[in-house]
Amino acid sequence: MPVALMRVDDRLIHGQITCAWLSFVNASKIYVVGDQLANDPITAIGIKYSKISGIDSYLFTVKDALENLRKFESDKIMVIVKDPETALSLVESGIKIDWLDVGQIGYKDGRKQVAQTVSVNEEEAKTFIKIKKAGVDVIYRQLPDHSPSDFIETLKNHFGNLEV
Amino acid sequence: MATIFQAFLCGLLAYVSRWEMENPQTAFSSNTMLGFLTGMVFGDPRTGLVVGGTMDLLYLGLVEIGGATPPRPHIATIITSSIVTELGQPPAVAVALSFPIAILAAQLINAAFILNTGYMHYIDSLIAKGKFKTAEFVHLTGGLTTEFMFQGIAAFLGVWLGSGPVAAIYNAVPSAFWGSLITAAQLVICVGLAALLRTIWKTEVIAFYLIGFGLAAFLHLPMVSIALLMGAVALYIFTTRKIEAPAAPERAEEKPKERRLTSSEFFKIFVRSLFLQNTFSSERMQASGYWYSIFPVLKKYYSGEELVENSKAHLEFYNTNPVTSQPILGMNIAMVEEGVATPELQKNLKAGLMGPLAGVGDAIWWFTLSTIITVLGASMALQGNYVAPFFIWGCGIAFILGAKYVLLRYGYTYGLSLLRTAEVTGGIERYIDLFTILGASVIGAVTGTWIGLYTPIEFTQAGVAIFKLQTALDYIMPQLLSLIGTLSAVYLLRKGVSLFKLMIAFMLGGIILGYFGLLAAVPF
């Protein structure tokens, strides 16, 4: 499968991606995936601004992303999604990954801070658990240099046992 | 033992320098500067300068990105400079001591970020009630009572109480151990250089790394001349490289609009924007700083409930590179001024641009530009040149503070039309390439200049050396072991070994190999 790393990060492509993850997973393309995101003009422009030489970045809807991921089997692609729902729909559509990297979800009303850089609400927490149930380890890891920690455990500590 | 007054001065230095590092970011707080100033306090600026320069090289690869705090060496520089100058020990002692202090410093910073979340919530409630003056006050004082204060106290205690225990340890440990620390320090620098190389790793970059290395190792050119030469090469490549021709018609729209802020109002916003990270919280990072920067503009155009609503829009999570935050702020001001801003649109602008611009900003300003400046300054410091800290500071004012001003102006002048030009110019990747080439060459030059690993292994017959291994290695290439040390660190990092673990491993390896006389290093 061409996915070198799938990461949940609501800042999309930023310093931790360009200066750490890309070279670590040896990816040559970035797919930023999200249905709402793909229709947002400012995000599209931001991604054009962030063009790094040697790396092609694309902004896709889930449907387009799936199509391209299937077409370019031999590429090494880093997939960035803004929210767990998009990650879940990619996983459910048959994109194979061993683990999902949870990097950054910013705080807003209704969310609870559960890790240094991650805040989620109950709905999002449930989605992460569904991803885990689909056979994907959900790991909190900001940078390659950080030691990975089980994000599902973290969620249990904050939300108790959630029924999904 | 340090007097309480000396310790106080050092604590104050730690306090002010951490504030400076988070806010105006003029590169005043280089380890070279901190070592130099601490040395002044203890009457030996030269030793302080050497300790500072060593620390700048040692921690070169540990860059703060995206709100993740790696071990921070600054209070370690202050504490170890004080101890080393006071006790007259070799600067290598500072190396071993610095690691635990740097880890502690990072933990104190993270703890402060969590406490700052409390301030952030307080600011929320103040703004909801329309108490803007108090909210500004909380943003301006929050970090002073947490983040910067913790660093100040830690440095004060370390300087005041540290020398006694360190002297006792120093005398108890055999001197061969301290000698091997120089080897260890240089191996750690290999890892730091490798960490920087890893972030820009690709084939062209390796070529420039090797050129920089060769100019230093074979031709013994000084660092500044290598930087100058390679800067010229980078500039040539930068200006001659073809870029896809922009579509002409779109460019016509890109005329600066009449702007309404007076220059003193604009300057006020600029000064405020330098306090972006004063109360950096782990929950919403730069949110309060951004609100503080833009508030005078909001106040000029909105009042009452509308002012509260527009202020609240800026209390959401925000984090980007402080340099590339400036064009976002500039565009945002222009948008408010033109009357097209809604709270939703402002949120979208920030959320859409903060990540991508941080990616570019971190790559240019922190990983390459700062690295180049620091390396050149640290090289001067290790030669005992008192200009070194001021060179770094001056470059910081010109290239970091200067860029903050220019980019704010740029964003404000062109406003949202910048969003269209992005499609035309195809982003800023050319600039990244320019700095990457220069950065890779300078990293190569450091490998060839400041890392001096060699092996003392020799075979003797009747007390006369008949074969020196290093002589044989020198026939292949000077500085071969330094190159191998750095490239093997790159290999291990790319294999997925964590940076800090690798630093510790190389340090222990250096101590062991050094102690048994298998590997040694030329002192700085």
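Here the structure is a predicted model, which is why all the values come from computation and not from measurement.

**Q** Explanation requested: the overall build of chain A in the structure shown.
**A** Counting secondary structure elements, chain A contains seven helices and nine strands. Its C-alpha atoms give chain A a radius of gyration of 15 Å, near enough to 15 Å, the size a compact globule of 164 residues would have. With the C-alpha coordinates of chain A rotated into their principal frame, the extents come out at 45 × 30 × 30 Å. Evaluated residue by residue, chain A yields a buried proportion of 60% over its 164 residues. Sequence-distant contacts in chain A: of pairs separated by 6 or more residues, those separated by 24 or more amount to 73%. Surface exposure of chain A reaches about 6,600 Å², of which carbon and sulfur atoms provide 46%. For chain A, the distance from the average position of its 20 positive side-chain charges to the average position of its 23 negative side-chain charges is 2 Å.

**Q** Is there a simple way to think about the overall build of chain B in this case?
**A** For chain B, the count of helices and strands is 22 helices and four strands. Here chain B has a C-alpha radius of gyration of 25 Å; the compact-globule value for 524 residues is 24 Å, and the two agree. When contacts within chain B are restricted to residue pairs at least 6 apart in sequence, those whose partners lie at least 24 apart make up 82%. For chain B, the accessible surface area stands at approximately 20,100 Å², while carbon and sulfur atoms represent 69% of it. Separation between the mean location of the 31 positive side-chain charges and that of the 30 negative ones in chain B comes to 1 Å.

**Q** Help me understand the side chain of Thr-77 of chain B in this model?
**A** By secondary structure assignment, the location of Thr-77 of chain B is in helix 4 (residues 74-87). Not counting chain neighbours up to four residues away, the residues in contact with Thr-77 of chain B comprise Asn-31, Leu-34, Gly-35, Val-51, Gly-52 and Met-55 of chain B.

**Q** What is the right way to read unusual backbone geometry from this model?
**A** Across the chain, the bulk of peptide bonds are trans and the bulk of non-glycine residues have phi less than zero. The backbone of Leu-12 of chain A shows a phi angle near 60°, a positive value even though the residue is not glycine. Inspection of the secondary structure assignment puts Leu-12 of chain A in the loop between strand 1 (3-9) and helix 1 (15-25). At Ala-462 of chain B, a residue that is not glycine, the phi angle is positive and equals roughly 50°. Residue placement: Ala-462 of chain B occurs in the loop between strand 2 (458-461) and strand 3 (464-468). Overall, the relative accessible area of 81% leaves Ala-462 of chain B in the exposed class.

**Q** Hey, could you run me through the nonpolar core in this one?
**A** Note that soluble globular proteins tend to have their nonpolar side chains buried in a common cluster. In terms of nonpolar packing, the biggest core is built from 113 residues, with Ile-30 and Met-78 of chain A together with Leu-58, Trp-365, Val-446 and Leu-453 of chain B touching the most fellow members. By residue number, the principal contributor to this core is helix 8 (residues 175-199) of chain B, which donates 14 residues. One finds Ile-109, Val-297, Leu-353 and Leu-401 of chain B within the second-largest nonpolar core, a separate group that totals 51 residues.

**Q** For this particular structure, what's the right way to read the pattern of salt bridges?
**A** Once the charged atoms of two side chains with opposite charge are near each other, the side chains can pair. Inspection of every chain in the model, using the stated rule, returns 20 salt bridges over all chains. The salt bridge involving Arg-111 of chain A is made with Glu-124 of chain A; its shortest N-O contact spans 2.8 Å. Residue Arg-111 of chain A is located in the loop between strand 5 (99-104) and strand 6 (112-115), and its partner Glu-124 of chain A is located in helix 6 (residues 122-133); the two are separated by 13 residues in the primary sequence. Each member of the pair, Arg-111 of chain A as well as Glu-124 of chain A, is classed as buried. Salt-bridge contacts for Asp-124 of chain B lead to Arg-284 of chain B; the nearest nitrogen and oxygen are separated by 2.8 Å. With Asp-124 of chain B in helix 5 (residues 92-128) and Arg-284 of chain B in the loop between helix 12 (263-273) and helix 13 (287-301), the pair connects residues that are 160 residues apart, well separated along the chain. Looking at Asp-124 of chain B, the relative accessible area reads 21%, which means it is partly exposed.

**Q** Teacher, can you tell me more about the sheet that holds strand 4 (residues 77-81) of chain A here?
**A** Backbone hydrogen bonds hold the strands of a sheet together, and the pairing may be parallel or antiparallel. If you walk across this open sheet you meet the seven strands as 3-2-4-1-5-8-9 (chain A), and the pairing is mixed. Looking at the sheet topology across the chains shown, the edges are occupied by strand 3 (56-60) and strand 9 (149-150) of chain A.

**Q** Looking at this model, I keep getting lost on the pairing of strand 1 of chain A. Mind explaining?
**A** Residue and element names in this part refer to chain A. Among the seven residues of strand 1, six are classified as buried, and the element is accordingly described as predominantly covered. In this sheet, strand 4 lies alongside strand 1 in parallel orientation, the contact comprising five bridges. Within the sheet, the bridge partner assigned to Met-6 lies in strand 4 and is Val-79. In the sheet, strand 1 pairs with strand 5 via four bridges, with the strands oriented parallel. Note on strand 5: the bridge partner recorded for Arg-7 is Asp-101.

**Q** Quick question: what am I supposed to make of a nonpolar patch on the surface here?
**A** A cluster of nonpolar side chains, namely Ile-504, Leu-508, Ile-512, Leu-513, Tyr-515, Phe-516 and Leu-518 of chain B, defines an oily patch on the protein surface of about 650 Å² accessible area. Its location among the elements puts Ile-504 of chain B in helix 22 (residues 499-515).

**Q** Quick question: what am I supposed to make of the interface of chain B and chain A here?
**A** Often, the extent of an interface is quoted as the loss of accessible area upon association of its parts. Contact with chain B, which involves 49 residues of that partner, is made by 33 residues of chain A. Between chain B and chain A the total buried area reaches about 3,500 Å² when both faces are included, carbon and sulfur atoms providing 59% of it. Our count for the contact surface shared by chain B and chain A stands at one salt bridge. Of the charged contacts, one joins Arg-198 of chain B and Asp-145 of chain A as a salt bridge, the two residues approaching to 3.4 Å between their closest N and O atoms.

**Q** Please clarify how the packing of helix 8 of chain B against helix 22 of chain B should be interpreted in this entry.
**A** A pair of packed helices can be characterised by two numbers: the angle between their axes and the separation between those axes. Residue and element names in this part refer to chain B. Between helix 8 and helix 22, the shortest axis-to-axis distance is 7 Å and the interhelical angle comes to 150°. Seen from above, helix 8 lies across helix 22 with right-handed handedness. From helix 8, Ala-176, Phe-177, Ser-180, Leu-181, Thr-183, Ala-184, Leu-187, Val-188, Val-191, Gly-192, Ala-195 and Arg-198 reach across to helix 22, where they touch Leu-499, Leu-502, Met-503, Phe-506, Met-507, Gly-510, Ile-511, Gly-514 and Tyr-515. For the contact of helix 8 with helix 22, a count of residues per class yields 15 nonpolar, five polar and one charged.

Conventions and cut-offs
- Residues numbered from 1 in each chain as written.
- Chains lettered and ligands numbered in written order.
- Predicted model: local features only at pLDDT ≥ 70, side-chain atom pairs only at ≥ 80, totals over all residues.
- Heavy atoms only, no water.
- Helix = DSSP H or I, 4+ residues; strand = E, 2+ residues; numbered from the N terminus.
- Rg over C-alpha atoms; globule rule 2.2 N^0.38 Å.
- Buried < 20%, exposed > 50% of the residue type's maximum accessible area, 1.4 Å probe, protein only.
- Contact = heavy atoms within 4.5 Å.
- Areas by Shrake-Rupley, 256 points an atom, 1.4 Å probe, with all protein chains shown as cover.
- Lys, Arg positive; Asp, Glu negative; His and termini not counted.
- Charge placed at Lys NZ, Arg CZ, Asp CG, Glu CD.
- Core = buried A, V, L, I, M, F, W, Y, C linked by side-chain atoms within 4.5 Å.
- Salt bridge = Lys/Arg side-chain N within 4 Å of Asp/Glu carboxyl O.
- Pairing = 2+ DSSP bridges.
- Patch = residues over 30% accessible without salt bridge, like charges linked within 9 Å, V, L, I, M, F, W, Y side chains within 5 Å.
- Buried area = accessible area lost by both parts, 1.4 Å probe.
- Axes fitted to C-alpha atoms, helices over the stretch in contact; angles between N-to-C directions.
- Left-handed = near helix turned anticlockwise from the far one by under 90°.
- Nonpolar A, V, L, I, M, F, W, Y, C, P; charged D, E, K, R; others polar.

It is worth stressing that arrangement in space is one thing and function is another; only the former is reported here.
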